[in-house]
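Single-letter residue listing:
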Amino acid sequence: DAGVIQSPRHEVTEMGQEVTLRCKPISGHDYLFWYRQTMMRGLELLIYFNNNVPIDDSGMPEDRFSAKMPNASFSTLKIQPSEPRDSAVYFCASKTIAERAFFGQGTRLTVV
Amino acid sequence: GDSVTQMEGPVTLSEEAFLTINCTYTATGYPSLFWYVQYPGEGLQLLLKATKADDKGSNKGFEATYRKETTSFHLEKGSVQVSDSAVYFCALSDPGGYNKLIFGAGTRLAVHP
């Protein structure tokens, strides 16, 4: 397996634009997590899914953020409209119930 | 709610020095505990884990013991190397919390020759 795959690796966008981040978890993993990493706040859990169902989205900062998992092999995190304070590295991770989480390499988002 | 607290960094050490990074947790159930490491420009990688009280996780010379009585999982290494320079994250996964994976703020370690 190629591991957790995130795309794009880097994204630069203008304020007000819609941004979509993508994640392909490891096959067979039934938990998927979205994290945001910044210098100020460290690693924040935004939302996580179990069997494609959102379990806890209490970490999603605002209504501008939304996440979906239409099937077991794909998830998206969307920001609409984007703002400069959304600039961060966004990580996706997947796991099974008893095992460690595997992280993707992250998407570095810059909103100018 | 569940949370993880770890010592603030940066921690700066000379090569071959002893390392301790403190981590304490709060959880409603009986969590599994983890240490992850992040090298510059990369995602997080599991360093070690422990799934029940008194378990000791170990890997690459790093160790941590699950202490239920003190709700702690401190990371130690007897002799650090320059290549250990990274950010270290303590984390818990609480089965009572639907396996939510919660991380501490991270501790940056810088090891100098």
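Look above for the structure.
Here we summarise the structure given alongside this text. Worth saying up front: this structure is predicted, and the values here are computed from it rather than measured.

The rules behind the values
Residues numbered from 1 in each chain as written. Chains lettered and ligands numbered in written order. Predicted model: local features only at pLDDT ≥ 70, side-chain atom pairs only at ≥ 80, totals over all residues. Heavy atoms only, no water. Helix = DSSP H or I, 4+ residues; strand = E, 2+ residues; numbered from the N terminus. Rg over C-alpha atoms; globule rule 2.2 N^0.38 Å. Buried < 20%, exposed > 50% of the residue type's maximum accessible area, 1.4 Å probe, protein only. Contact = heavy atoms within 4.5 Å. Areas by Shrake-Rupley, 256 points an atom, 1.4 Å probe, with all protein chains shown as cover. Pairing = 2+ DSSP bridges. Axes fitted to C-alpha atoms, helices over the stretch in contact; angles between N-to-C directions. Disulfide = S-S within 2.5 Å.

1. Comments concerning the overall build of chain A
Part 1 of the reasoning: On a plain count of helices and strands, chain A comes out with zero helices and 11 strands.
Part 2 of the reasoning: Secondary structure elements of chain A occur, N-terminal to C-terminal, as β-β-β-β-β-β-β-β-β-β-β.
Part 3 of the reasoning: A compact globule built from 112 residues would reach a C-alpha radius of gyration of about 13 Å, and chain A, at 13 Å, matches this within 12%.
Part 4 of the reasoning: Residues classed as buried in chain A amount to 49% of the 112 residues present.
Part 5 of the reasoning: The contacts of chain A with a sequence gap of at least 6 include a subset with a gap of at least 24, amounting to 52%.
Part 6 of the reasoning: Just so you have it, chain A exposes about 5,600 Å², and 50% of that area is on carbon and sulfur atoms.

2. Things to note about the sheet that holds strand S8 (residues 74–79) of chain A
Residue and element names in this part refer to chain A.
Part 1 of the reasoning: Read across the open sheet, the four strands follow the order S1-S3-S8-S7; overall the sheet is antiparallel. Looking at the sheet topology across the chains shown, the edges are occupied by strand S1 (5–7) and strand S7 (65–71). The mean inter-strand angle of the sheet, taken between neighbouring strand axes irrespective of direction, is 15 degrees.
Part 2 of the reasoning: Two elements, strand S3 (residues 19–24) and S8, share five bridges in a ladder whose sense is antiparallel. Note on S8: the bridge partner recorded for Leu21 is Leu77.

3. Here's the deal with the state of the cysteines
Residue and element names in this part refer to chain A.
Part 1 of the reasoning: Tallied over the full model, the rule gives two disulfides over all chains.
Part 2 of the reasoning: The disulfide that involves Cys23 links it to Cys92, with 1.9 Å between the sulfurs. One quick way to see it: the torsion about the S-S bond of Cys23 and Cys92 is about -65 degrees, and its sign makes the bridge left-handed. With Cys23 in strand S3 and Cys92 in strand S9 (residues 88–95), this residue pair connects regions lying 69 residues apart in the sequence. Summarising the burial analysis for this pair, Cys23 and Cys92 share the class buried.

4. Topic: the sheet that holds strand S8 (residues 62–65) of chain B
All names here are of chain B.
Part 1 of the reasoning: Read from one edge to the other, the open sheet built from four strands follows the order S3-S9-S8-S7, with strand pairing classed as antiparallel. Strands at the two margins of the open sheet, each flanked by one partner only, are strand S3 (19–21) and strand S7 (56–59). Ignoring which end each strand starts from, the neighbouring axes of this sheet average 15 degrees apart.
Part 2 of the reasoning: Where S8 and strand S9 (residues 75–77) come together, three bridges link them in antiparallel fashion. Each bridged residue has a counterpart across the sheet, and for Glu63 the counterpart in S9 is Glu76.

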